[in-house]
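Structure assessment
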Amino acid sequence: MKNIKYLLPLALLFIYSSLAQSNMIQEIASVTSILKSIENNTLRPVPSVSWTGLDERQAYHVQKRLVSALQEKGEHIVGFKAGLTRAGAAQKFELNSAITGVLFASAEIKDLSSLSLTGSHRLMIEQELAFLLAADINHKIPDIASLKGHFSHLTYALEFPDLGFASRPNGFDIIANNAVNRFFYRGDWQAIADNVDNLKVKLLCDNRQVNTGHSSDVMEGQWQTLLWMVNALQAQGYALKKGHILITGNLGDLIPAQMCRYNADFSELGQLQFSITP
């Protein structure tokens, strides 16, 4: 009996070590396959197909490894995005909460007069709001009142995620693939108005309305979403720096990109016309 008492902890330690090693191997394999798909512009892999135990924590580990690998290749972080922030959106992908991803400089569109579908697999359009970080954040923010002083400006934004996966993904696969951001665009920075949760948006495609939304669509409002974002990102080990852009999630529906002339209306924040071409 004494031997059993001493052997049991050793057995549990062995099992835990073996599981940790297995997860590490899966993480590296997932990052390798995602990097390959990015380099070759192929459909994104679905890690959960072979990694049956993939969960949210492990998915963010994959994302973090992927981001580090891309930084080593010269990518530069300019901000972060939230995804699946609308009520019920996360649950559709078997998640309990919204997700975050990293925005790279190479994904930012400076001139959005036209955007080609060439090279995309399943390009989508999201109308969002973007906020400018005015000061570094290096500690947990307890409430919205404490948060507001860290942001100086906002503007409208369009994000273009590419949902081209090799098979149907769950939420963990989307997290691992850095929330599938392909491109994003932002307008000119403006002072943050008091009515940030009272803005209406709409999107016209060749004068046909394809989306309508409200700035309060995300979580419990824009500031609550930002509060969740900054604390979640810090928990994942990201540094939040002055000048970073934070976009807070889709307003209205996720719209498949198609060839037409678009008019994106963001109420008093402004309007934007652009074309999607072949």
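From a predicted model like this one, the values you see are computed outputs, not experimental measurements.

Concerning the packing of aromatic side chains
This structure, assessed with the given rule, holds seven aromatic pairs. Note on F160 and F274: the rings are 6.1 Å apart at their centroids and 85° apart in plane angle, and the pair reads as edge-to-face. Residue F160 is found in strand β5 (residues 151-161), and its partner F274 is found in strand β13 (residues 271-277); the two are separated by 114 residues along the sequence. Assessed through its relative accessible area of 0%, F274 is described here as buried. Ring-pair connections join several aromatic residues into one group, and the members of that group are F131, F151 and W223. The ring of Y238 has K64 lying over it, and the distance from NZ or CZ to the ring centre is 4.9 Å.

A few points about the pattern of salt bridges
Per the stated rule, a full pass over the model turns up seven salt bridges. Linking E159 and K81 is a salt bridge whose minimum nitrogen-to-oxygen distance equals 2.6 Å. A residue pair is termed long-range when its members are at least 10 positions apart, and E159 in strand β5 and K81 in strand β1 (residues 77-83) qualify at 78 residues. Judged on exposure class, the residue E159 and its partner K81 are both buried. Where K241 meets D136, a salt bridge forms, and the shortest distance between an N and an O atom there is 3.9 Å. Placement of the pair is K241 in the loop between α6 (222-235) and β10 (245-247) and D136 in the loop between β4 (124-133) and α4 (144-147), with a sequence separation of 105 residues.

Observations concerning the layout of surface pockets
Rolled over the atoms, a probe as big as a water molecule pinpoints where empty space is left. Estimated volume of the largest pocket: approximately 690 Å³. Lining the largest pocket are 30 residues; nearest its centre among them are L84, F93, E126, L163 and L254. When residues of the lining of the largest pocket are traced back to their parent elements, those giving at least two are β1, α3 (89-92) and β4. The element that contributes the greatest number of residues to the lining of the largest pocket is β1, accounting for three residues. Considered class by class, the residues forming the lining of the largest pocket number 15 nonpolar, eight polar and seven charged. Within this model, the second largest pocket holds a volume of roughly 430 Å³. Lining the second largest pocket are 21 residues, with I38, R44, A107, N181 and R182 sitting closest to its centre. Among the secondary structure elements, those contributing two or more residues to the lining of the second largest pocket are α1 (2-40), α2 (56-72), β2 (99-104) and β6 (181-186). Of the residues that constitute the lining of the second largest pocket, the class distribution is eight nonpolar, nine polar and four charged.

Structural notes on the nonpolar core
In this structure, F80, L112, I125, F151, L158, F160 and F274 are the most contacted members of the largest nonpolar core, which totals 75 residues. Among the elements that line this core, the one with the most residues is α2, at seven residues. Not counting the four nearest positions on each side in its chain, F151 is found in contact with F131, L132, L133, A134, I192, W223, L226, V230 and L246. One finds A130, A157, F184 and I247 within the second-largest nonpolar core, a separate group that totals eight residues.

Concerning α6
Compared with an ideal rise of 1.5 Å per residue, which puts 14 residues at 20 Å, α6 spans 20 Å between its outermost C-alpha atoms and is within 8% of the ideal. Of all 14 residues in α6, ten are buried, a share of seventy percent or more. Looking only at α6, the buried set comprises Q222, W223, T225, L226, L227, M229, V230, N231, A232 and L233. Positive backbone phi, approximately 95°, marks G237, located one or two places after α6.

Description of the environment of T100
You can see T100 is positioned in strand β2. The exposure class assigned to T100 is buried, which follows from its relative accessible area of 0%. Separated by 95 residues in sequence, T100 and N195 have C-alpha atoms that sit 25 Å apart. For T100, the residues in contact, after removing those within four places along its chain, are Y60, Q63, K81, A82, A179, W228, L233 and Q236. Engagement of the side chain of T100 in a polar contact is seen with the side chain of Q236, the distance being 3.1 Å.

Each value, and the rule that gives it
- Residues numbered from 1 in each chain as written.
- Predicted model: local features only at pLDDT ≥ 70, side-chain atom pairs only at ≥ 80, totals over all residues.
- Heavy atoms only, no water.
- Phe/Tyr/Trp six-rings, centres within 6.5 Å; stacked < 30°, edge-to-face > 60°.
- Helix = DSSP H or I, 4+ residues; strand = E, 2+ residues; numbered from the N terminus.
- Buried < 20%, exposed > 50% of the residue type's maximum accessible area, 1.4 Å probe, protein only.
- Lys NZ or Arg CZ within 6 Å of the ring centre and 35° of its normal.
- Salt bridge = Lys/Arg side-chain N within 4 Å of Asp/Glu carboxyl O.
- 1 Å grid on protein atoms, 1.4 Å probe; cavity = no way out; pocket = protein on both sides within 12 Å on 5 of 7 lines; lining within 4 Å.
- Points joined across faces, edges and corners; volume = space filled by probe spheres on them.
- Nonpolar A, V, L, I, M, F, W, Y, C, P; charged D, E, K, R; others polar.
- Core = buried A, V, L, I, M, F, W, Y, C linked by side-chain atoms within 4.5 Å.
- Contact = heavy atoms within 4.5 Å.
- Expected span 1.5 Å × (residues − 1).
- Polar contact = N/O pair within 3.5 Å; in protein donor to acceptor, adjacent residues only side chain to side chain.

All we've got here are geometric facts, nothing functional implied.
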